[in-house]
Amino acid sequence: RSLPVDASEEGGPRTVPGACFARVRPSPLQNPRLVAMSLPALALLGLEAPAADPAAAEAEAALFFSGNRVLAGAEPAAHCYCGHQFGSFAGQLGDGAAMYLGEVLGPGGERWEIQLKGAGITPFSRQADGRKVLRSSIREFLCSEAMFHLGVPTTRAGTCVTSDSKVVRDIFYDGNPRNERCTVVLRIASTFIRFGSFEIFKPPDEFTGRKGPSVDRNDIRIQMLDYVISTFYPEIQEAYSDNSIQRNAAFFKEITKRTARLVAEWQCVGFCHGVLNTDNMSVVGLTIDYGPFGFMDRYDPEHVCNGSDNTGRYAYNKQPEICKWNLGKLAEALVPELPLEISQLILEEEYDAEFEKHYLQKMRKKLGLIQLELEEDSKLVSELLETMHITAGDFTNIFYLLSSFSVDTDPSKLEDFLEELTSQCASVEELKVAFKPQMDPRQLSMMLMLAQSNPQLFALIGTKANINKELERVEQFSKLQQLTADDLLSRNKRHWKEWLEKYRVRLQKEIESVGDADAWNTDRVKVMNSNNPKYILRNYIAQNAIEAAENGDFSEVRNVLKLLEHPFQEAEGFQEVKEDAEEEGATATAAVCAQETSSRQSYCSKPPLWAAELCVT
């Protein structure tokens, strides 16, 4: 009702000028069936599964949330947006596989947009088929809910529905395509409008020559700003109702701060988004569009989770600066309704300060620094991460272990704790896999010669950073050939002992500032255990669930979902979840599969060696 909808009934991919939405219809699937549903997410819509007849509820969910039957009152539409992808303006993108069904007023009066992802062709599908497959859908479904329960702002996922309809996919782009099941995820958010939604007005880009489909339609930009601010920032609309420039500046300031806090949350749980293009950035500060994401296992500040990010643009340590860059592109897209000199000043004044403040606040909680806020805390965090990097420590598990560190200097207790900590550092075998050279030695030698003799040609086919990284890998791999497990353990213990002494001194300052040390320690452990998860969606956990689901057993997806709903707790009653699933009619094969999964690795373990070979693009 608030934004223009394209009048054309023409199907298939096309440019959509002068509109924010184009009407679409979901394409039916053969034999849709429910993989899993998130009851906490569905509760937002006022939906619950009746205990009396769960099978009927599953069948109904599969029917409506596959798109085979459209909900009463729904007006399916695909959203038009543009985006800067890997730094270059790509022109019109839009919902190539997602379909907005409409808004639902939840039981508490909140408005929720609901969307089916993978429901068929839209005007924005380009050369694609508008479908998503089981593996990517399971990952998006599980991660949306995992992030919510970790306390990170995110879009939600209500259901994952698969089918007997097939599409062909070349998973690694290596000429080995295969048939995969069409699968649909029900996504839920207050809005799916993104930074790229405002880029549809962009004139031809000076580098790519591409332009938005609605150049010179400032009237629509005004409509979009009015809609976004009045709907999602009503307090800003109220405060500046008579001055649109001030109102738009207040909106930009708020989204700048929300984005900075969001990225700080990502960094503190070791989450890498993988594709931080402007079309994957939410105007209300949510994590949106889960593709080749990954939670970091071994701490590596340069970790790249997306196998197709060859230059490492979206590496873990670059996420804060990339999101700031994306806000700069949003600022450009709001001109003339918000002059660039105003938005750029806001960005410079607010973003870094908000990020640093929120990051340090969160890190203090993760370290149990609950009484004092000292300047030295930032250095303590940096030195912890440096120690984690040198010792190849598991990011999640080391933070989780720190709550059991005792300020008591009893040498035997310290030795036991060091044993525990170093067990979460990579072994020699794991390091050899991590630092295995990726280029043929002859190829590397040729590239180095080329860099000397023909720098211009070298710049076209390889980056200096990639070559330097490969040289580093070769050097590390060579050193590892001489390293024994005992040497590694001794070295790691030394590094951790040095940092733990600094940590102990800092905790001692906390104790000195309180009256009751025991009460302080109880509070410290409580705060740490509610900020350091025991369970995250590691790639190998997702992969085990995907492989079971591809063989027709959905119990592992459901088990993992239950686990991720309580990331900060011991998995109490988790075995019972498995047994219930088996009682509900899982086949003997499925039961064996689930048993093998649990025996292979516990859900909070460092990843097994084979996980290093997983590549998500």
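Residues numbered from 1 in each chain as written. Predicted model: local features only at pLDDT ≥ 70, side-chain atom pairs only at ≥ 80, totals over all residues. Heavy atoms only, no water.

S.K.: In this structure, what is going on with the overall build of the protein chain? I would like to understand it.
M.R.: Broken down by element type, the protein chain carries 21 helices and 13 strands. For the protein chain, the C-alpha atoms occupy an extent of roughly 75 × 65 × 60 Å along the three principal directions. In the protein chain, which comprises 617 residues, the proportion classed as buried is 52%. Across the protein chain, the fraction of contacts at a sequence separation of at least 24, relative to all contacts at a separation of at least 6, is 72%. A total accessible area of about 27,800 Å² is found for the protein chain, and carbon and sulfur atoms account for 50% of it. Measuring between centres, the 66 positive side-chain charges of the protein chain sit 4 Å from its 89 negative side-chain charges. (Helix = DSSP H or I, 4+ residues; strand = E, 2+ residues; numbered from the N terminus. Buried < 20%, exposed > 50% of the residue type's maximum accessible area, 1.4 Å probe, protein only. Contact = heavy atoms within 4.5 Å. Areas by Shrake-Rupley, 256 points an atom, 1.4 Å probe, with all protein chains shown as cover. Lys, Arg positive; Asp, Glu negative; His and termini not counted. Charge placed at Lys NZ, Arg CZ, Asp CG, Glu CD.)

S.K.: Explanation requested: the nonpolar core in the structure shown.
M.R.: Generally speaking, nonpolar side chains in soluble globular proteins are found buried as a group. In terms of nonpolar packing, the biggest core is built from 153 residues, with F252, L367, L402, Y503 and L537 touching the most fellow members. Counting residues per element, this core draws most heavily on helix α6 (residues 244-269), at 12 residues. F252 has contacts with L327, L330, A331, L334, L338, S343, I346 and L347, leaving out every residue within four places of it along the chain. Membership of the second largest hydrophobic core comes to 8 residues, among which are V428, L431, F435 and L483. (Core = buried A, V, L, I, M, F, W, Y, C linked by side-chain atoms within 4.5 Å.)

S.K.: Just to check I follow, could you spell out the side chain of S165 for this structure?
M.R.: Structurally, the position occupied by S165 is in strand β10 (residues 156-169). A relative accessible area of 12% places S165 in the buried class. In terms of polar contacts, S165 uses its side chain to reach the backbone amide nitrogen of Q30, at 2.8 Å. Every residue in contact with S165, bar those within four places of it in the chain, is listed here: L29, Q30, E180, R181 and C182. (Polar contact = N/O pair within 3.5 Å; in protein donor to acceptor, adjacent residues only side chain to side chain.)

S.K.: Would you take a moment to explain the environment of W325 for this structure?
M.R.: Assignment of secondary structure puts W325 in helix α7 (residues 319-334). Classification of W325 by relative accessible area gives partly exposed; the value is 31%. Separated by 304 residues in sequence, W325 and F21 place their C-alpha atoms 27 Å apart. In this view, W325 contacts H84, G87 and R313; residues no more than four positions away in its chain are not counted.

S.K.: Looking at this structure, how should I read empty space enclosed by the protein?
M.R.: The gaps of empty space that remain are located by a probe, the size of a water molecule, rolled over the atoms. Scanning the entire structure with this criterion turns up 3 cavities of 30 Å³ or more. Taken as a whole, the largest cavity spans an internal volume of roughly 50 Å³. F195, T259, L262, W266, N280, M281, S282, G285, L286 and I288 are the residues that line the largest cavity. Looking at the lining of the largest cavity residue by residue, the classes come out as 6 nonpolar, 4 polar and no charged. (1 Å grid on protein atoms, 1.4 Å probe; cavity = no way out; pocket = protein on both sides within 12 Å on 5 of 7 lines; lining within 4 Å. Points joined across faces, edges and corners; volume = space filled by probe spheres on them. Nonpolar A, V, L, I, M, F, W, Y, C, P; charged D, E, K, R; others polar.)

S.K.: What is the right way to read the pattern of salt bridges from this model?
M.R.: Pairing is possible between side chains of opposite charge, provided their charged atoms come close. Scanning the entire structure with this criterion turns up 45 salt bridges. Notably, a salt bridge pairs E383 with K379, separated by 3.3 Å at the nearest N-O pair. With E383 and K379 both in helix α9 (residues 377-390), this residue pair falls 4 residues apart, about one helical turn. Its relative accessible area of 56% is what places K379 among the exposed residues. Put simply, K479 and E475 hold a salt bridge, and the shortest N to O gap is 3.5 Å. Here E475 and K479 lie together in helix α15 (residues 464-480), a separation of 4 residues that amounts to about one turn. Ionic contacts of the salt-bridge type, sharing partners, join the residues K117, E140, R187, R194 and D289 into one network. (Salt bridge = Lys/Arg side-chain N within 4 Å of Asp/Glu carboxyl O.)

S.K.: Please clarify how the pairing of strand β3 (residues 33-37) should be interpreted in this entry.
M.R.: One face of the sheet, then the other: side chains in a regular strand alternate in exactly this way. The element β3 is largely enclosed, with a buried count of 4 among its 5 residues. Bridge analysis of β3 against β10 gives 4 bridges, and the strand direction is antiparallel. Of the residues in β10, the one forming a bridge with M37 is T159. (Pairing = 2+ DSSP bridges.)

S.K.: Can you walk me through the packing of helix α13 (residues 441-453) against α15 in this structure?
M.R.: Angle between the axes and distance between the axes: these two values describe a pair of packed helices. For the pair α13 and α15, interaxial distance at closest approach is 11 Å and the crossing angle is 135°. Considering the angle they form, α13 stands oblique to α15. As for how α13 packs across α15, the hand of that crossing is left-handed. Contact residues: L444, M447 and L448 in α13; I467, E470, L471 and V474 in α15. Its residues assigned to classes, the contact of α13 with α15 shows 6 nonpolar, no polar and 1 charged. (Axes fitted to C-alpha atoms, helices over the stretch in contact; angles between N-to-C directions. Parallel < 35°, antiparallel > 145°, perpendicular 65-115°, else oblique. Left-handed = near helix turned anticlockwise from the far one by under 90°.)

S.K.: Explain the confidence of the model for the protein chain here, please?
M.R.: Low pLDDT means the predicted coordinates in that region are not meant to be read closely. Residues with a pLDDT of 70 or more make up 95% of the protein chain, whose mean pLDDT is 92. The low-confidence segment residues 575-599, where pLDDT is below 50, has 16 contacts with residues more than four positions distant or belonging to other chains. (pLDDT = per-residue confidence, 0-100.)

S.K.: How should I be thinking about helix α3 (residues 134-149) in this particular structure?
M.R.: Working note: α-helix, 3.6 residues per turn, so residues spaced by three or four point in the same direction. Taking 1.5 Å as the rise per residue, α3 with 16 residues should run 22 Å; its terminal C-alpha atoms sit 23 Å apart, in good agreement. Summarising burial for α3: 13 of the 16 residues are buried, a large majority. Of the residues one or two after α3, G151 is the one with positive phi, at around 90°. (Expected span 1.5 Å × (residues − 1).)

S.K.: Would you mind showing me how to read the packing of aromatic side chains here?
M.R.: Geometrically, a pair of aromatic rings is defined through the distance of the ring centres and the angle of the planes. Inspection of every chain in the model, using the stated rule, returns 18 aromatic pairs. Between F405 and F417, the aromatic rings sit 5.3 Å apart at their centres with planes inclined by 50°, giving tilted as the arrangement. Placement of the pair is F405 in the loop between α10 (395-401) and α11 (411-422) and F417 in helix α11, with a sequence separation of 12 residues. The pair formed by F405 and F417 is uniform in burial state, with each residue classed as buried. For the pair Y540 and W610, a centre-to-centre distance of 6.4 Å together with 90° between the ring planes defines the contact as edge-to-face. Taken together, the residues span a long stretch of sequence, with Y540 in helix α18 (residues 539-550) and W610 in the segment after α21 (588-600) at a distance of 70 residues. Y540 sits in the buried class, given a relative accessible area of 2%. A residue is classified by how much of its surface remains accessible, and W610, at 34% relative accessible area, is partly exposed. Within the aromatic cluster, the residues linked to one another by ring pairs are W266, F271, Y290, F293 and F295. Between the NZ or CZ atom of K202 and the centre of the ring of F89, over which it lies, the distance is 5.4 Å. (Phe/Tyr/Trp six-rings, centres within 6.5 Å; stacked < 30°, edge-to-face > 60°. Lys NZ or Arg CZ within 6 Å of the ring centre and 35° of its normal.)

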